[in-house]
Amino acid sequence: MMNTITRFMLVAAAVCSLTGQVIAADWGSLKGKFVVDGSVGEPVKINVTKDPETCGNHNLVDESVVVGDGGALENAVVFLYSRKPVDVHPDFAEGAKDPVVLDNKVCRFEPHVLAVRTGQPVQIANSDPIGHNTNAALAVNPAFNQMITTGTPVSLTLAKAEPIPAPVACNIHPWMKGYVVVREDPYVAISNDKGEFEIKNIPVGTHEFVFWHEAKGNMKNMALKAGKTDRRGRSKLKITAGETLDLGEIKVPAAAVGK
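The structure displayed is predicted, hence computed values, not measured ones. (Residues numbered from 1 in each chain as written. Predicted model: local features only at pLDDT ≥ 70, side-chain atom pairs only at ≥ 80, totals over all residues. Heavy atoms only, no water.)

Asker: Please give an account of the environment of Leu60 that cites residues and values.
Answerer: Considering the arrangement of structural elements, one finds Leu60 in the loop between α2 (52-55) and β2 (66-67). Using a relative accessible area of 8% as the deciding quantity, one classes Leu60 as buried. Each C-alpha atom of the pair Leu60 and Met176 lies 9.8 Å from the other, and the pair is 116 residues apart in sequence. Setting aside residues no more than four positions away along its own chain, Leu60 makes contact with Lys45, Ile46, Val48, Cys55, Val106, Cys107, Arg108 and Trp175. (Helix = DSSP H or I, 4+ residues; strand = E, 2+ residues; numbered from the N terminus. Buried < 20%, exposed > 50% of the residue type's maximum accessible area, 1.4 Å probe, protein only. Contact = heavy atoms within 4.5 Å.)

So, in structure tokens, the structure goes:
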């Protein structure tokens, strides 16, 4: 016969196992693929007016609308919008304070759109043999406008979430433009060169998500598999425990990206 201590240990183990399963089931994911519906034409070549001996060697083009094979739309932003803090999955604790890099590379910003959490250091680097100036037009954080020379990166930490992606520019090279998405939580995604995005481990429930692209800002009145976005580019989507809400192909009219 089991003694009292053994019986207690088995019951405790069963409770812990059940609790772990419940916690694991309290999260879901969201994914989709942005596809431009219509023609956007060929990328516009940049007229290099500064440091042509360096910048003129890289076949630079306007990156405000980047479309790949099959109309895949790159650099569309999706993030969870909430007026109060949301629960964050434990997996996101690791790396939350690790630096992310915004590089001045081949006379452009790499990446073109960067996502960062509040309190997470941003290392602004310069991989080019020439000087750059990085000017971030932040709405709620202190202004940032500094020369970035080749060598040690300049560190920037943002304490507050920005309401929309903040534009970044180089005052020396006027074609250089990018964006920084600053959120308190990790629930943000940027579509890749296949137009795909995914946000994992979102707390269950109905949440409001923002759909945004730099060409015209809020992606308003856009049809989704689970509804549509409103005039602010927002849509309420239900996240179900242990499941992925797949929005499938999200068709973006060419006119919605300024083409």
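Asker: Would you mind going over the pairing of strand β4 (residues 77-81) in detail, with residue names and values included?
Answerer: Burial runs high along β4: four of the five residues are buried. With three bridges connecting them, β4 and strand β14 (residues 188-190) associate as antiparallel partners. The partner of Phe79 across the bridge, within β14, is Val188. Sheet topology places β4 next to strand β16 (residues 205-213); five bridges connect them, and they run antiparallel. Bridging across to β16, Val77 finds its partner in Trp212. (Pairing = 2+ DSSP bridges.)

Asker: Just give me the short version of the state of the cysteines, but keep the residues and values in it.
Answerer: For the structure on display, the rule yields one disulfide. In this model, Cys55 is linked to Cys107 through a disulfide, with the two sulfur atoms separated by 2.1 Å. With the S-S bond torsion at -75 degrees, the cross-link from Cys55 to Cys107 turns out left-handed. With Cys55 in helix α2 and Cys107 in the loop between β5 (100-105) and β6 (108-110), the pair connects residues that are 52 residues apart, well separated along the chain. Among the residues examined, Cys107 registers a relative accessible area of 0% and is labelled buried. Looking at Cys170, it has no disulfide partner, and the nearest cysteine sulfur is the one in Cys55, 8.4 Å off. (Disulfide = S-S within 2.5 Å.)

Asker: Could you give an account of the side chain of Asp103, with specific residues and numbers?
Answerer: On the secondary structure map, Asp103 appears in strand β5. One buried charge, Asp103, has no salt-bridge partner; the nearest side chain with opposite charge is Lys105, at 5.2 Å. Of note is the side chain of Asp103, whose polar atom sits 3.5 Å from the backbone nitrogen of Asn126. Other than its neighbours up to four places away in sequence, Asp103 contacts Arg108, Phe109, Glu110, Ala125, Asn126 and Ser127. (Lys, Arg positive; Asp, Glu negative; His and termini not counted. Salt bridge = Lys/Arg side-chain N within 4 Å of Asp/Glu carboxyl O. Polar contact = N/O pair within 3.5 Å; in protein donor to acceptor, adjacent residues only side chain to side chain.)

Asker: Lay out the environment of Trp175 with the relevant residues and their values.
Answerer: Secondary-structure assignment places Trp175 in the loop between β12 (166-169) and β13 (177-183). Separated by 125 residues in the primary sequence, Trp175 and Lys50 have C-alpha atoms spaced 9.8 Å apart. The residues contacting Trp175, other than those within four sequence positions of it, are Ile46, Asn47, Val48, Thr49, Lys50, Cys55, Leu60 and Cys107. A polar contact of 3.0 Å, which involves the side chain of Trp175, links it to the backbone oxygen of Cys107.

Asker: I'd like a description of the sheet that holds strand β15 (residues 196-203), backed by residues and values.
Answerer: The strand order across the open sheet formed by three strands is β15-β1-β21, and the pairing between neighbours is mixed. In the strand order of this sheet, the two ends are held by β15 and β21 (244-253), each with one partner. Averaged over neighbouring strand pairs, the angle between their axes works out to 20 degrees when direction is ignored. Bridging between strand β1 (residues 27-37) and β15 involves six bridges; their strand directions are antiparallel. Among the inter-strand pairings, Leu30 is bridged to a residue of β15, identified as Ile199. (Axes fitted to C-alpha atoms, helices over the stretch in contact; angles between N-to-C directions.)

Asker: For the pairing of β13, give the residues involved together with the corresponding values.
Answerer: A large share of β13 lies buried, amounting to six of its seven residues. Bridge count for strand β7 (residues 113-117) against β13 is five bridges, and the pairing is parallel. Pairing of Val116 across the sheet is with Val182, part of β13. As paired elements, β12 and β13 share four bridges and run antiparallel to each other. When the sheet's bridge partners are listed, Pro167 is paired in β13 with Tyr179.

So far we have only geometry, and geometry alone does not tell us how the molecule works.
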